[in-house]
Amino acid sequence: MSLLKLEKVEVHYGGIRAVKGIDLTVEKGELVCLIGANGAGKTTTLRAITGLAHATGRIEYEGEQIAGKKSHEIARLGLALVPEGRGVFPQLTIDENLAMGAYMRRDAPAVAHDVERVFSLFPRLKERRGQTAGTMSGGEQQMLAIGRALMSRPRLLLLDEPSMGLAPIMVEKIFEVIRLIAAEGVTMLLVEQNAKLALEASHRAYVLESGLVTISGEASKLLGDPQVRSAYLGE
Amino acid sequence: MDTFLQQIVNGLTVGSVYAVVALGYTMVYGIVQLINFAHGEVVMIGCMVAFSVILALAPTGLPPFIIVGAGIAVAVPACMVVGYAVERVAYRPLRNAPRLAPLITAIGISIVLQHLALLVWSRNFIAFPQIIELKLFHFGSSDTSASISNIQVAIILTSVAMMAGLLWLVYRTRLGIAMRATSQNPQVAGLMGIDVNRVISSTFVIGAGLGAVAGAMVGTYYGIAHYQMGFLLGLKAFSAAVLGGIGNLGGAVLGGILMGLIESLGAGYVGDFTNVCFLDKFLPGFGEVCAASPESSLFGSNYKDVYAFIVLILVLVFRPSGLLGERVGDRA
Ligand SMILES: Nc1ncnc2c1ncn2[C@@H]1O[C@H](COP(=O)(O)OP(=O)(O)OP(=O)(O)O)[C@@H](O)[C@H]1O
Ligand SMILES: [Mg+2]
């Protein structure tokens, strides 16, 4: 059984069909990426999975239909989203943002341990732990958003363009962490504009074009696919 | 000097009540960006329920603080139920509607609550029974010096305790952090596993509970309750919340206290400052009136209700974000 399975998922915004019936699976332990041009429907797909957008069709998590559930109910099943634009709580401190990530957990000692782990992944956050998130740089906020998502110990982590708007060195740092988390066995669905980096890090990939999956398969195969190379790798 | 000190004491007393009511407005605004105009009516219901209990217990001869305490103990859950129901029935269905819809609904709800109170408690004024023996503590040696009464002390202490309790709740508890997260980004709060609807309900319930105590206090202080009392009290507390910066807890406290002081000092001095002989020194045309009746003034202390609105207008014109508010009041 797949950890996540989408079947004929559609999302409408008013009269606009943003996602037009996509099928997608994520197996346990996999890193799957979803690439596509601006407006292809990547964010909308992640919003549908996390209950932020109303979807029709089947969205199964561990075999259970979750389409139609509220986002806090879905979060409680072990899904975490690093949203597009980071979505940190601007007036909460770094510590408080991380505590929010662990909101569902009651095991204080393990939470404290995980905070330290996030700080070891992103030492920068530790230096600024008392600072409010809204006053941090974009890159620092992205680290915080990822750290906060990890604080829930997710069984499926969804990331929406974690490299957006970051300097190359920061992008490299974020991907390093993504590979590290993947190696620890966290299942991930990664949405990226930076197709090359995403494909290199992933096991499998889907290409989304105007709300439809057009190409899918092994990430290494897609890296060699002439169509993908010309459309998404700028060759 | 005695008048001044006395007005300060009176101002602090009503100001602390305004502050507690203002917290109810500001909490709800902070979390759903809605002016809950029905909050004044919730305060009125708190006062009415407390009075009903107090009147029923008055003949028993129990100690007054137990009787008043029992009134409050019944009023608080009653108002919490009302606050919960108002949110659930009237506001939640409009969560994603244009801003004007919940605002108009809020006004509608306050009319409904007023008339429910009219049905239950009639249109008569209800007097507080004579159970508390008023004790005055004078600041000076003479009996005419400024004083503070035992009721005033109790009101100020209770208000301070509630404000401290609320700050503790918001900044130190799990529910509090969920409230702050929800007010900053409800969608992401949901992603953290927070049941946003429950947090919003809790906010209304807590605000209503504070309002109930405030209603009981204001009724005890003035010794009178009426089904329309919530309107003016609500508007003043709302103005206080705007003065402090709506959405800001510290602002509501500051705004409430300032509003009480402004109102009290205004009422105390408006007669002196609009006295015809006083005006005659600066303005032409008052000489004759001054000679005829030197004691008369243009405005008396019965104009005290005007100050809240003058303050509201001045704040909206010159500093719409309020004293402690960061964002400009474009949301209201
Ligand atoms: N709230 C909304 N209301 C109406 N249309 C929307 C809304 N959100 C997204 N859309 C539309 O749905 C389509 C898909 O948007 P989506 O945000 O999913 O794209 P995306 O693949 O994430 O793009 P990007 O790479 O730019 O983030 C777009 O045409 C967009 O304009
Ligand atoms: Mg997007």
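Thresholds, definitions, all that
Residues numbered from 1 in each chain as written. Chains lettered and ligands numbered in written order. Predicted model: local features only at pLDDT ≥ 70, side-chain atom pairs only at ≥ 80, totals over all residues. Heavy atoms only, no water. Core = buried A, V, L, I, M, F, W, Y, C linked by side-chain atoms within 4.5 Å. Buried < 20%, exposed > 50% of the residue type's maximum accessible area, 1.4 Å probe, protein only. Helix = DSSP H or I, 4+ residues; strand = E, 2+ residues; numbered from the N terminus. Disulfide = S-S within 2.5 Å. Donors = N, O, S within 2.8 Å, 3.2 Å for Na, K, Ca; no water. Salt bridge = Lys/Arg side-chain N within 4 Å of Asp/Glu carboxyl O.

(A) Seen up close, the nonpolar core. Ranked by size, the top nonpolar core spans 128 residues in total, and within it Leu4, Ile59, Met100 and Leu189 of chain A together with Leu166 and Ile194 of chain B carry the most contacts. Per-element accounting of this core gives the leading share, 14 residues, to helix α1 (residues 2–32) of chain B. Formed by 53 residues, the second largest nonpolar core is a distinct cluster that contains Val111, Val115, Tyr232 and Leu233 of chain A.

(B) Highlighting the state of the cysteines. All names here are of chain B. Evaluated as defined, the whole model comprises one disulfide over all chains. Two residues, Cys277 and Cys290, share a disulfide whose sulfurs are 1.9 Å apart. Between Cys277 and Cys290, the disulfide has an S-S torsion of 105° and is therefore right-handed. Of this pair, Cys277 sits in helix α11 (residues 276–280) while Cys290 sits in helix α12 (residues 287–292), and the two are 13 residues apart along the sequence.

(C) Region of the structure containing the coordination of the magnesium ion (ligand 2). Residues and elements named next belong to chain A. Binding of the magnesium ion (ligand 2) to the protein goes through Thr43 (OG1) and Glu84 (OE), at separations of 1.8 to 2.2 Å. Placement of the pair is Thr43 in helix α1 (residues 42–49) and Glu84 in the loop between β6 (79–82) and α3 (94–101), with a sequence separation of 41 residues. Note on Glu84: relative accessible area 39%, which makes it partly exposed.

(D) Spatial organisation of the pattern of salt bridges. All names here are of chain A. According to the stated counting rule, one finds 22 salt bridges over all chains in the structure shown. In this structure, the salt-bridge partner of Arg155 is Glu62, at a minimum N-O distance of 2.8 Å. Pair noted here: Arg155 is in the loop between α6 (138–150) and β7 (156–160) and Glu62 is in the loop between β4 (55–61) and β5 (64–65), with a separation of 93 residues, a long-range link. Take Arg155: its relative accessible area is 38%, and that puts it in the partly exposed class. Residue classification places Glu62 among the partly exposed positions, given a relative accessible area of 34%. In this structure, the salt-bridge partner of Asp114 is Arg105, at a minimum N-O distance of 2.7 Å.

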